[in-house]
Amino acid sequence: MTTNTNDSNASILSETSVLPELPVLSGTFRIGGDLPVRRVGYGSMRLADGPGDPTGPEARIWTAPADRAAAVRLLRTAAEAGVTLFDTADAYALGAGEELLAEALAPYRDEVAVATKVGVVRPSPTEWVPLGHPAYLRQQAELSLRRLRTERIDLLYLHRLDGNVPVAEQVGALRRLQEEGKVRHIGLSEVTVAQLTEAEAVAPVAAVQNLYNLAARDHEAVLEHTAGRGIAFVPFFPIAMGGHTDPEGPVAAVAREVGATPSQTALAWLLHRAPHVLPIPGTSSEHHLKENLGALDVRLTAEQFARLSAVSAS
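Residues numbered from 1 in each chain as written. Predicted model: local features only at pLDDT ≥ 70, side-chain atom pairs only at ≥ 80, totals over all residues. Heavy atoms only, no water.

Chemist: Can you tell me about the packing of helix α9 (residues 262-273) against helix α11 (residues 302-309), naming the residues and giving the values?
Modeler: Following both chains from N to C, one finds α9 and α11 inclined at 105°, their axes separated by 10 Å at the closest point. In terms of axis orientation, α9 runs roughly perpendicular to α11. Across from Thr265, Trp269, His272 and Arg273 in α9, the residues of α11 making contact are Phe305, Leu308 and Ser309. For the contact of α9 with α11, a count of residues per class yields 3 nonpolar, 3 polar and 1 charged. (Axes fitted to C-alpha atoms, helices over the stretch in contact; angles between N-to-C directions. Helix = DSSP H or I, 4+ residues; strand = E, 2+ residues; numbered from the N terminus. Parallel < 35°, antiparallel > 145°, perpendicular 65-115°, else oblique. Contact = heavy atoms within 4.5 Å. Nonpolar A, V, L, I, M, F, W, Y, C, P; charged D, E, K, R; others polar.)

Chemist: Could you give an account of helix α7 (residues 220-227), naming the residues involved and the relevant values?
Modeler: By the burial criterion, the buried members of α7 are Glu220, Val222, Leu223 and Thr226. For α7, the arc enclosing every buried residue in end-on projection is 165°, short of the 170-degree limit, so these residues lie on one face. (Buried < 20%, exposed > 50% of the residue type's maximum accessible area, 1.4 Å probe, protein only. Arc of directions from axis to C-beta.)

Chemist: Which residues make up helix α6 (residues 193-200), and what values do they have?
Modeler: Among the residues of α6, Val193, Leu196, Ala199 and Glu200 are the ones counted as buried. Looking straight down α6, one finds its buried side chains confined to an arc of 125°; they lie on one side.

Chemist: Which residues make up the nonpolar core, and what values do they have?
Modeler: Grouped together as the largest cluster of nonpolar side chains are 72 residues, with contacts concentrated most on Phe86 and Leu300. Here Phe86 is in contact with Tyr42, Leu75, Ala78, Ala79, Leu101, Leu105, Val112, Ala113, Val114 and Ala115, once residues within four sequence places are set aside. Counting residues in hydrophobic clusters, the runner-up holds 15 residues, among them Phe29, Ala113, Ala206 and Leu278. (Core = buried A, V, L, I, M, F, W, Y, C linked by side-chain atoms within 4.5 Å.)

Chemist: Lay out the packing of aromatic side chains in plain terms, naming residues and giving numbers.
Modeler: To describe a pair of aromatic rings, one takes the distance between the centres and the angle between the planes. For the coordinates displayed, the defined rule picks out 6 aromatic pairs. With a centroid separation of 5.5 Å and an interplanar angle of 90°, the aromatic rings of Tyr212 and Phe233 are classed as edge-to-face. Pair noted here: Tyr212 is in the loop between β10 (207-211) and α7 and Phe233 is in strand β11 (residues 232-236), with a separation of 21 residues, a long-range link. The same class applies to Tyr212 and to Phe233, which are both buried. A ring pair is formed by Phe236 and Phe237, whose centres lie 5.5 Å apart and whose planes are at 65°; its orientation type is edge-to-face. Here Phe236 falls in the buried class, since its relative accessible area comes to 17%. Sitting above the plane of the Trp128 ring, Arg122 keeps its charged end 3.8 Å from the centroid. (Phe/Tyr/Trp six-rings, centres within 6.5 Å; stacked < 30°, edge-to-face > 60°. Lys NZ or Arg CZ within 6 Å of the ring centre and 35° of its normal.)

Chemist: Give me the pattern of salt bridges: which residues, what numbers.
Modeler: Here the structure, examined in full by the defined rule, presents 16 salt bridges. Arg175 serves as the salt-bridge partner of Glu179, at 3.4 Å between the closest nitrogen and oxygen. Taken together, the positions of Glu179 and Arg175, both in helix α5 (residues 167-179) and 4 residues apart, correspond to about one turn of that helix. Under the relative-accessibility criterion, Arg175 is labelled partly exposed at 27%. (Salt bridge = Lys/Arg side-chain N within 4 Å of Asp/Glu carboxyl O.)

Chemist: Go over the packing of helix α4 (residues 134-148) against α5 with me, naming the residues and quoting the values.
Modeler: If you want to describe how two helices pack, look at the angle between their axes and the distance between the axes. Two numbers describe how α4 lies on α5: the axes approach to 9 Å, and their chain directions differ by 35°. In the crossing of α4 with α5, the sense of the turn from one axis to the other is right-handed. The segment α4 lies against α5, with Pro134, Leu137, Arg138 and Ala141 engaging Glu169, Gln170, Ala173, Leu174, Arg176 and Leu177. Partitioning the contact of α4 with α5 into residue classes produces 6 nonpolar, 1 polar and 3 charged. (Left-handed = near helix turned anticlockwise from the far one by under 90°.)

Chemist: Got a sec to walk through the sheet that holds strand β9 (residues 183-189)? Specific residues and values, please.
Modeler: Strands in a sheet are paired, the pairing made by backbone hydrogen bonds, and the direction either parallel or antiparallel. Pairing in this open sheet of 7 strands is parallel, and the strands run β3-β4-β5-β8-β9-β10-β11 from one edge to the other. Looking along the sheet, the strands with just one partner apiece sit at the ends: β3 (42-43) and β11. Bridge count for β10 against β11 is 5 bridges, and the pairing is parallel. From the neighbouring strand, Val208 faces β11, where its bridge partner is Phe233. (Pairing = 2+ DSSP bridges.)

Pasting the structure below:
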């Protein structure tokens, strides 16, 4: 289920335009009520493949990074800079993404939370196929535990719901892992409110990871639903802005006013959108990593937030 983007934007604008200022921006959130994380995390999907491989939406995420040492350094720099939520999946480079995080974050394991995902099979570099058979999900979770070198996964997402398997069976497999102490919290990715509600009847859901950013707001209803239930809303591709990167556009204008970059401003809008929003920008650049974390220090006025909220996807 999706909402009308223009209607949602108008609602945000009308709500915020009457406020003298925005609420104080918090830098942390407790996933599941007991797992504190900094609100700008790190998405590790792009730490894969090598020079000459496709990038952007065409990226295959098929092989381990060509320069593993550089990837390890970047992840450790992120941890040292204060990132406490790292995101990966068993489907990223066929498990190599999890192995990379385990190696890089070993010195910081007691200080960070690692989220991973199961439920997608990769028969080729261009295919991402949902597979939600309970036995498969349990097997993949066991493999993730080994690759992450841990006895309990902090946050385990169902990467995609499989339309061929009842939701209760898919979520039930994760619930059993949770009851066995192998999973701390359960999450879902790319779901509607109806799907989330159905899943919640089976197990407590601590986080939802959906596509959401200034230019892609089809999941407003999911964001609102999670806000009311204390569920973390984790936008992936949080900085994608399309044509709104124009130097004369509204994002750049607000960025100049607050003394930030357009990327920081786009992330700051997400952070101000609601206190349970935890963007996970990914990058292979240390400069961009630190730039992204700088969004936590950007403060928007109600008027600036409303102006950004009025940005449409057109």
